[in-house]
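# Results of the structural survey
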Amino acid sequence: MDRLNGLLAFARTAELGSFVAAGRALGISASAVGKSVARLEQELGVRLLQRSTRRIGLTEEGKSFNERVRRILDEIDDAEAMLSRTRETPHGRLRISTPIVTYHLLLPVLSEFMARYPEIELDIDFNDRIVDVIDEGIDVAIRSGELPDSRLVSRPVAPFRMLLCAAASYLDRHGTPGTPADLAAHFGIHFRFLNSGRLLNWPFTTGSAEPQIRSMLTCNNMEALKGATIAGLGIACMPDFLVREALHDGRLRTVLDDHVDGRGQFRMLWPSNRHLSPKVRVFVDFLPERLAAGPSAPAIQTKVRGDCQ
């Protein structure tokens, strides 16, 4: 019990940045929190917190240890939820990892989810990096691509399509391509994956010759890609959800629709060996159901390490 109290004291201090705030959250004195953390450091034989008169921060060892401790405490929360009489009322912090551009997908529906489950605290990490769902203690990851690792359970969220788009002003100046071969007379704006450094392939239909297009700009952010395309710098390949509004109001137009086959699927991933807590269950049930009635989702081919390559 003393060790568990030490872990709680350390986790709260790491989260809130002070013994005073941690003590207030735990209902004990700041002195008791400090002593509990000090005993934990003595038992481990390593300094976890860097103390100063102005603030408390994590050492490198503390950062690594904190990730493990948070996962342990989340498991304890899940176990308590499973055994409690109120297990049908989902509650607690729900850690979600999702590509940056999916805020277009999630934000319109999250208010409804939060209204339906007010006792769930959403902790969302919007990133395009490779993540390890299991080691990082993530409850649900949203990614596109295949699932080769059996340690994860996968559930589809919503389909998407990749489109070739250009601004009306660009097409007025350079003309509208009728075939992929016509792209030789155009400028391309390309997306580079942050993790691998490779360029996003434009998804032309089978049998289409590889088009030659002069590169005007390359970037690793889909929002920047859209902005450059709207500014009339060239033709770009982007997810339908990202450009739907710009297509609707005429800022962008699609090109070569009959030559593009960019269908894909976002999936939710979570560890198969972990008890599916009520907070996770309601989220993985809610999102596909809610999005099925709305526009399709955008696509970013980010990966999950250790569970989805």
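The rules we used
- Residues numbered from 1 in each chain as written.
- Predicted model: local features only at pLDDT ≥ 70, side-chain atom pairs only at ≥ 80, totals over all residues.
- Heavy atoms only, no water.
- Patch = residues over 30% accessible without salt bridge, like charges linked within 9 Å, V, L, I, M, F, W, Y side chains within 5 Å.
- Areas by Shrake-Rupley, 256 points an atom, 1.4 Å probe, with all protein chains shown as cover.
- Salt bridge = Lys/Arg side-chain N within 4 Å of Asp/Glu carboxyl O.
- Helix = DSSP H or I, 4+ residues; strand = E, 2+ residues; numbered from the N terminus.
- Buried < 20%, exposed > 50% of the residue type's maximum accessible area, 1.4 Å probe, protein only.
- 1 Å grid on protein atoms, 1.4 Å probe; cavity = no way out; pocket = protein on both sides within 12 Å on 5 of 7 lines; lining within 4 Å.
- Points joined across faces, edges and corners; volume = space filled by probe spheres on them.
- Nonpolar A, V, L, I, M, F, W, Y, C, P; charged D, E, K, R; others polar.
- Expected span 1.5 Å × (residues − 1).
- Bend = angle between axes of the 7 residues up to and from the residue.
- Contact = heavy atoms within 4.5 Å.
- Pairing = 2+ DSSP bridges.
- Right-handed = clockwise from strand over helix to strand, strands pointing away.

For the rest of this paragraph, the subject is a nonpolar patch on the surface. Together, M216, L217 and L233 make up an exposed nonpolar region whose accessible area comes to about 220 Å². By the element assignment, L233 lies in the loop between α7 (222-230) and β9 (235-239). Classification of L233 as partly exposed rests on a relative accessible area of 36%.

Within this model, the largest pocket holds a volume of roughly 510 Å³. Put simply, the parts of the chain that give the lining of the largest pocket at least two residues each are α1 (2-16), α2 (19-26), α4 (60-83) and β3 (92-98). With seven residues, the top contributor of residues to the lining of the largest pocket is α4. For the lining of the largest pocket, the class distribution of residues is eight nonpolar, two polar and nine charged.

An ideal rise of 1.5 Å per residue puts 20 Å on 14 residues; helix α5 (residues 103-116) measures up with 20 Å between its terminal C-alpha atoms. At V109, α5 is bent by approximately 40°, the largest bend along its length. Here α5 has its buried residues at H104, L105, L106, V109, L110 and F113. Lining the buried residues of α5 we find β3, β4 (120-126), β5 (140-144), α7, α8 (240-248) and α9 (278-292).

What follows concerns the pairing of β4. As paired elements, β3 and β4 share seven bridges and run parallel to each other. Among the inter-strand pairings, T98 is bridged to a residue of β4, identified as F126. A crossover connection joins β3 to the parallel β4 through α5; in handedness this β-α-β unit is right-handed.

Turning our eyes to something else, we now look at the pairing of strand β6 (residues 152-167). In the sheet, β6 pairs with strand β11 (residues 263-271) via nine bridges, with the strands oriented antiparallel. Across the sheet, residue A158 finds its bridge partner in β11, namely F266. Across four bridges, β6 lies against β9 in antiparallel orientation. Bridging from a neighbouring strand, L164 pairs with C237 of β9. Sheet analysis places β6 next to strand β10 (residues 252-254), joined by three bridges and oriented antiparallel. Each residue of the ladder has a partner; that of A167, found in β10, is L252.

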